[in-house]
Structures are given as C-alpha cells and as structure tokens.
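Residue-level structure breakdown
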Amino acid sequence: ARRSGSLPASRLPRCRAWGLVGWPGAVCGINWSRGLLLGLQLSAAQRQPSRLLLAPRLAFPWVAALWALLLASLGSAAGQPLGAEPMCTAQPLARYSITFTGKWSQASFPKQYPLFRPPAQWSSLLGAAHSSDYSLWRKDQYVSNGLREFAERGEAWALMREMEAAGERLQSVHGVFSAPAVPSGTGQTSGELEAHSRHSLVSFVVRIVPSPDWFVGVDSLDLCDGGRWREQVAVDLYPYDAGTDSGFTFSSPNFATVPQDTVTEITASSPSHPANSFYYPRLKALPPIARVTLVRLRQSPRAFVPPALDLGAGGNEISRTRYVRVRPANHGAPCPPLEEEAPCDPDNCL
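Keep in mind that this is a model prediction, so the values were computed, not measured. (Residues numbered from 1 in each chain as written. Predicted model: local features only at pLDDT ≥ 70, side-chain atom pairs only at ≥ 80, totals over all residues. Heavy atoms only, no water.)

1. Thoughts on the overall build of the protein
- Within the protein, the regular secondary structure consists of five helices and 15 strands.
- Residues counted as buried form 37% of the 350 residues belonging to the protein.
- When the accessible area of the protein is evaluated, it comes to approximately 20200 Å², of which 55% is carbon and sulfur surface. (Helix = DSSP H or I, 4+ residues; strand = E, 2+ residues; numbered from the N terminus. Buried < 20%, exposed > 50% of the residue type's maximum accessible area, 1.4 Å probe, protein only. Areas by Shrake-Rupley, 256 points an atom, 1.4 Å probe, with all protein chains shown as cover.)

2. A few points about the sheet that holds strand 1 (residues 93–102)
- Taken together, the four strands give an open sheet; going across it, the order is 4-1-12-9, and neighbouring strands pair in antiparallel fashion. Of all strands in the sheet, those with a lone pairing partner are strand 4 (188–196) and strand 9 (232–237), marking the two edges. Within this sheet the neighbouring strands show an average axis-to-axis angle of 20 degrees, counted without direction.
- As defined by bridge partners, strand 1 adjoins strand 12 (residues 290–297) across eight bridges and the pair is classed as antiparallel. Looking across to strand 12, one finds that Ile98 is bridged to Leu294. (Pairing = 2+ DSSP bridges. Axes fitted to C-alpha atoms, helices over the stretch in contact; angles between N-to-C directions.)

3. Concerning the pattern of salt bridges
- For the structure shown, the criterion picks out 10 salt bridges.
- Of the charged contacts in the structure, one is a salt bridge between Arg148 and Glu152, with a shortest N-O distance of 3.3 Å. With Arg148 and Glu152 both in helix 4 (residues 145–153), this residue pair falls four residues apart, about one helical turn.
- The class of Glu152 is buried, set by a relative accessible area of 10%.
- For the salt bridge of Glu149 with Arg153, the shortest nitrogen-to-oxygen distance reads 2.7 Å. One end of the pair is Glu149 and the other is Arg153, both in helix 4 and four residues apart, which spans about a single turn.
- Linked by salt bridges that have partners in common, Arg148, Glu149, Glu152 and Arg153 make up one network. (Salt bridge = Lys/Arg side-chain N within 4 Å of Asp/Glu carboxyl O.)

4. Re helix 5 (residues 157–169)
- The first and last C-alpha atoms of helix 5 sit 18 Å apart over 13 residues, in line with the 18 Å expected at 1.5 Å per residue.
- Turning to helix 5, its buried residues are Leu159, Met163 and Ala166. The arc that holds every buried residue of helix 5, seen down its axis, measures 60 degrees, which confines them to one face. Opposite the buried face of helix 5, at more than 90 degrees from it, the exposed residues are Arg161, Glu168 and Arg169.
- Elements that come into contact with the buried residues of helix 5 comprise strand 2 (121–130), helix 4, strand 3 (173–179) and strand 5 (201–209).
- Two residues or fewer after helix 5 comes Gln171, characterised by a positive phi angle close to 55 degrees. (Expected span 1.5 Å × (residues − 1). Arc of directions from axis to C-beta. Contact = heavy atoms within 4.5 Å.)

5. Thoughts on the sheet that holds strand 3
- Judged by pairing direction, the sheet is antiparallel, and its six strands sit side by side in the order 3-2-5-6-10-11 without closing on themselves. Either end of the sheet is taken by a strand with one partner, and the two such strands are strand 3 and strand 11 (264–265).
- Both strand 2 and strand 5 contribute to a ladder of eight bridges, which runs antiparallel. Note that in strand 5 the partner of Gly127 across the bridge is Phe204.
- In the packing of helix 4 onto the sheet, contacts are made with strand 2, strand 5 and strand 6 (214–222), and the angle to strand 5 comes to roughly 35 degrees.
- Across the face of the sheet, helix 5 comes into contact with strand 2, strand 3 and strand 5 while running at roughly 5 degrees to strand 2.

6. A closer look at the confidence of the model for the protein
- Across the protein, the average pLDDT comes to 78, with 66% of residues at or above 70.
- This stretch, residues 75–84, has a pLDDT under 50; its non-local contacts, to residues over four places away or in other chains, come to zero contacts.
- Long-range and interchain partners of residues 301–314, a stretch whose pLDDT sits below 50, account for 26 contacts in this model, where long-range means more than four residues apart. (pLDDT = per-residue confidence, 0-100.)

Shown next, in the form of structure tokens:
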C-alpha cells in the first residue's frame, strides 16, 4: 500500500469490506506473521500512539466485536504475571480436622520389622498452613537444620522456631499445628488446623520410629480449589529419606551423610541395597505406609468467646470459654482450664 494518497482501485473493495476506507496508508487483510488481526501501516506524520487505541470506523458489527475481543485479550494477558499460581478466592478462613493413620504393619512390611527397643511407632505430627513463599520440605531439595533434628531424633523445637520465624519475618506461615505421637505402627492420631485464603497450602512431617532419618509427610497440599475450600482430602503417604544420615536399616547407628544429600523417596528398589529395610525387589511399588485425611469443619474458628452474661434470679455470674488451637505435644504442658466462672454485681457484670 502507498504511504499517502488514495488507495489503488484494486485494493478499494477489500478495504471497504474491512471498513478501513478513509485511513490513508492502510494495509487491508490479516498480518499473520506479526500476530495482528489488522495490520495498520501509517505514514511517519500519522504514527501517533493514541491513534492505535481507537478502533477505526468499521462497516460491520462483527469487525467491531473482533476488535474489542482483541483489545480485551491483550489487556488480560498483560495483567496476568507469567507463571502466576491461581489465587484462592474462597472466604478468608477455613478450619480442618487432620487425621493421620499408620499402616506400618508386620504383614505389609515384614522385613526387619521393629518389634522392640523401640517397636514400630510414629513421632508427633508437626506442620504448618502457609503460602507458596514457604517450604517445610521438598523432594530433591535440602532440609533445614530444624527438619534434620526432627527427622533424626524427633526434636521439634528447632523446626517450630523456624516455622514461627518464617511467619513473623515473611508472613508466609499462617499457623503451626500438631498431633500427638502414635505408639504403634498402625495407630491413629488427629488434630486441627486453620487455613487462610492467602495461606491455603498445608505441609507436615511425621518421623518413622525407629529410623536413621526417615519420615512421611505432605508438601504444599492446596486446600483451596479456586473459589471454594475443599471439603475432604485423603492422601496416601510413602517413606522419604531426609538425606542427613546414611543408615540402611531401622536400627542403624548414627552415620552422618557428608556432604548432606537432598530429600529422596524410598521405594521398593531404591536405595538398591539388600540391607535396606524397605528393599523389596519383587514389588513394583511399596504399599502406602500411612494415610492422612483432612475434613473441613463447619464450626467457625474462634480462639476465645466473649463473656456470656447470666442475670437470672438465682444469682449473677460471668463466664467465659476458650478452645484449644494447638494441642500439647512432646510432653508439653496442657492448656489451662477452658471455662471460667465468677460471681459479679448485677450492675457491673461486664
């Protein structure tokens, strides 16, 4: 097309069909190579940015619709960051019960099954509700010092301090939750947790006892599905090696891995060593050694209920009730009484 002046007669019918008559220098048709619906080639005097934002005088409504669709799609693509995760738009808070069920039985895992000193059992469960900025543990990555202490010896204080520090420093952890230890390989334990729309991911770990540094857990399980909270989630769990101890058996002595390795999944054939307690070369895969189930609770989460007044004729009392948010673990002190009552003056029962 020419940069100025009138269009050739051979191009005029096509330009009239596209509604571009009166636009000097218009190139009619679709410019596929540049990915544009309509290619506009303006002369140097007419190349003004504001002109590109205005739709030309279109002759047909469907052309106007295509133009609007193009602008809308370009706008939405520009407003969405590359690689962004879908945002949870559910109501801000949700409360869940978490139930851990051990399936570590002698029938399912007969090789070197621990029967005494100590027998097969599970440590306390320790986890957090967090955002994508935080990671408690992750396959093929190195564990923190706190998780190392937990995986090797079951010491939870360092790991709890790391999670609390992440919540204070980065605001990436909404809350820490726990559940009591299980004294057998096939027992069950439970607790409660609170998730937030900006902290809808859940991670936790449970140590396999006895073991060098083996554990089970969940990494960044999302409890939010777009605009709603998931009502129930169940996940089968398999053993992992924290990469900090090189022992092969449940009762191996302490043998530090130097340099430290990353977290790896223990399978029926890996580590490929006959001494490995989970080495079952005839199996394609290990059966799940545990299972976790999360169920959404309908009761709204509250840590404290405002005082309830009782001004009946039989006497005036003021009472208050509170709930346990994190249950004691590792021989921790129990919470104080959950209910309190006290007499009060009818004119001052506040």
